[in-house]
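Listed below, chain by chain, are the residues.
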Amino acid sequence: MKSTKKGSILFLLSVLTISSFSFSAGASAQLAKPSKPQGTTAEWKTDAPEEEQALSAVEHGGNAGDDQLKNIARTNPFIHILDGFDQVWSMNQPTWRDGTALTEPGENGEVANYGDGPTVYYDGYKNDPTKVVADQKTFANTEIRDKATWEANIRYVEQVTNDRTPEEALAAYYDDQRDKIYSMMDGFGPLANTYVDIVNPKTNVIRSVDEMDELLEETTVEDESQGMGVWEGTKLEDTLDLVDLIRFRNPSSSNPSKYFYSSPRPYRMNTNGEVIEVVDENGLAVWDTIGSGEGTESELPSGGKKETGERNYQQYETKVNIIPALEYVKRIAEDGIGKDGAFPSGHTSAAYLSSFGFAYATPERYAEFLTRAAQMGENRIVTGMHSPLDVIGGRIQSTAMTAYAYNLEENQEVLDKAYQNAGDVFGALAEEQDMSLYEFAHTVTEDYTFENAYDEEAWEDHEANKAFYREKLTYGLPQTGTKVYLKGQKFYLKRVSLI
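Residues numbered from 1 in each chain as written. Predicted model: local features only at pLDDT ≥ 70, side-chain atom pairs only at ≥ 80, totals over all residues. Heavy atoms only, no water.

1. Some remarks on the pattern of salt bridges
- In the structure shown here, the tally under the stated rule is 23 salt bridges.
- Residue Glu218 pairs with Lys306 through a salt bridge whose shortest N-O separation is 3.8 Å. Placement of the pair is Glu218 in the loop between α10 (192-199) and β3 (219-221) and Lys306 in strand β6 (residues 305-308), with a sequence separation of 88 residues.
- On the basis of relative accessibility, which here comes to 27%, the residue Lys306 falls in the partly exposed class.
- For the salt bridge of Glu307 with Lys305, the shortest nitrogen-to-oxygen distance reads 3.5 Å.
- Judged by its relative accessible area of 17%, Glu307 is buried. (Salt bridge = Lys/Arg side-chain N within 4 Å of Asp/Glu carboxyl O. Helix = DSSP H or I, 4+ residues; strand = E, 2+ residues; numbered from the N terminus. Buried < 20%, exposed > 50% of the residue type's maximum accessible area, 1.4 Å probe, protein only.)

Structure follows, in structure tokens:
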């Protein structure tokens, strides 16, 4: 069984957790077993701020659940923690950023609706097909403020989307279309089949490698909790209660940040990171049509829905190669840019939010869960839907959201029960094999019994996991600021332009 040692529930930032996790696959039973994640006991002292600072994410994260406060950087700490992005690429709209767009009418005489993004407020319409592109002013006020970082960001997407293998395309397709919690299950490794037997998760999204080169005329949206299956009343109820808390009950939506920054998707950008719409000889936007007939929605047996029918897509100058099977999944042209913000990546954020809950309850697989979440982020780039900056933003935001949840006094019982529950359930299996839980959690026993793009040994190389995860912290983008050396650690961090 696990150690029941208690400590403060100060959340460990994911960058430190996986880098300092010293166990490796195949560790012997003599090694100390991982204990419940704890905060550091060291005191960190800094000079008092010279001016008023932003709201703390840990103390004021609840603002992200308020209909008004969640839309503005100064009141939503999860937006503000990402505000370095504005120094890389900016909408360059002061009234949108400071919130006065909520009360002051724009060019169309209307105040902004932050749930729609900036398009309606500034353009007055959503891609009116009778208007020449020059009149639409879509992205007209934007500014690339860090050219080196922005270009490196888009060129990484170009390289990955043009060099991906069919197998990588299929895995990325699954991470796009399947429930995010379902995708994170394979982080359990040898414990995964037991998890599946208990909660019975399902997926309706099953494709082949060959289909990735087909223009599939449907979009599938799985229910957002399919990876949790039917968990209430099961042996893992307390563990899944924590995952449900972080993923759904805690303020965890990435939409306010997406609407606030409203940055372009990679497939809207050229090699220089510019948004240049394709137009005809009359200056009218060139649209592509996929599918036919009236739009339809049909329910899926395990939850969610499938959409089909005609869709229109505006065209842009780009070298980004979206997986053909996902072309239909892009936002339709009529939506404009308001609902299609790229930064931060919502899929990446959801993956980390899901993984943090699983990892807290099962620290024996902490490093593997974080690696799996990082793979979800990379797969967002493989699809062509997101860029490195989007993925980095999703990781940072979800880490702050989880820190808020972990530090609320009313959540401490949920945390304690989840840790104890996972230790009891999985620990009993380990005892049957005369192993420690850590050893059992790193001993491959059988093939996965559920639909998955990865096999049961995918995350078993600790050193490979660590190298992959560290590289995805910054994606090798140009750095600014000062190197930060952490005492007692064998690595250092640089402050990225984004943060």
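2. Comments concerning the sheet that holds β3
- Taking strand neighbours across the sheet as the criterion, the three strands line up as β3-β6-β5 in an open arrangement whose pairing is antiparallel. Every other strand in the sheet has two partners, leaving β3 and β5 (296-299) as the edge strands with one partner each. Adjacent strand axes in the sheet meet at a mean angle of 20°, parallel and antiparallel pairs treated alike.
- As paired elements, β3 and β6 share three bridges and run antiparallel to each other. The residue bridging Thr220 from the neighbouring strand is Lys306, located in β6. (Pairing = 2+ DSSP bridges. Axes fitted to C-alpha atoms, helices over the stretch in contact; angles between N-to-C directions.)

3. Quick word on helix α11 (residues 237-249)
- Its 13 residues place the ends of α11 only 16 Å apart at the C-alpha level, less than the 18 Å of an ideal helix rising 1.5 Å per residue.
- Residues of α11 that are buried: Thr239, Leu240, Leu242, Val243, Asp244, Leu245, Ile246 and Arg247. (Expected span 1.5 Å × (residues − 1).)

4. Quick notes on helix α7 (residues 147-163)
- Compared with an ideal rise of 1.5 Å per residue, which puts 17 residues at 24 Å, α7 spans 24 Å between its outermost C-alpha atoms and is within 8% of the ideal.
- Of the positions making up α7, those classed as buried are Thr149, Trp150, Glu151, Asn153, Ile154, Tyr156, Val157, Glu158, Val160 and Thr161.
- Those residues of α7 that are buried lie in contact with β1 (89-90), β2 (143-144), α14 (366-383), α15 (388-407) and α18 (462-474). (Contact = heavy atoms within 4.5 Å.)

5. Focus on the confidence of the model for the chain
- Predicted confidence across the chain gives a mean pLDDT of 83, with 79% of residues reaching 70 or more.
- When the criterion is pLDDT under 50, residues 120-126 qualifies, and its contacts beyond four places in sequence or with other chains add up to 28 contacts.
- Within the model, pLDDT remains below 50 along residues 486-499, and this stretch shows 40 contacts once partners closer than five positions in the same chain are excluded. (pLDDT = per-residue confidence, 0-100.)

6. Things to note about the nonpolar core
- Core analysis: the biggest nonpolar cluster contains 55 residues, and Phe188, Tyr195, Leu240, Leu242, Phe358 and Phe426 have the highest contact counts within it.
- What Phe188 contacts, discounting residues up to four positions off in sequence, is Tyr195, Phe358, Thr362, Arg365, Phe369 and Phe426.
- Among the nonpolar cores identified, the runner-up in size contains 42 residues, and Val88, Trp150, Val157 and Ile323 belong to it. (Core = buried A, V, L, I, M, F, W, Y, C linked by side-chain atoms within 4.5 Å.)

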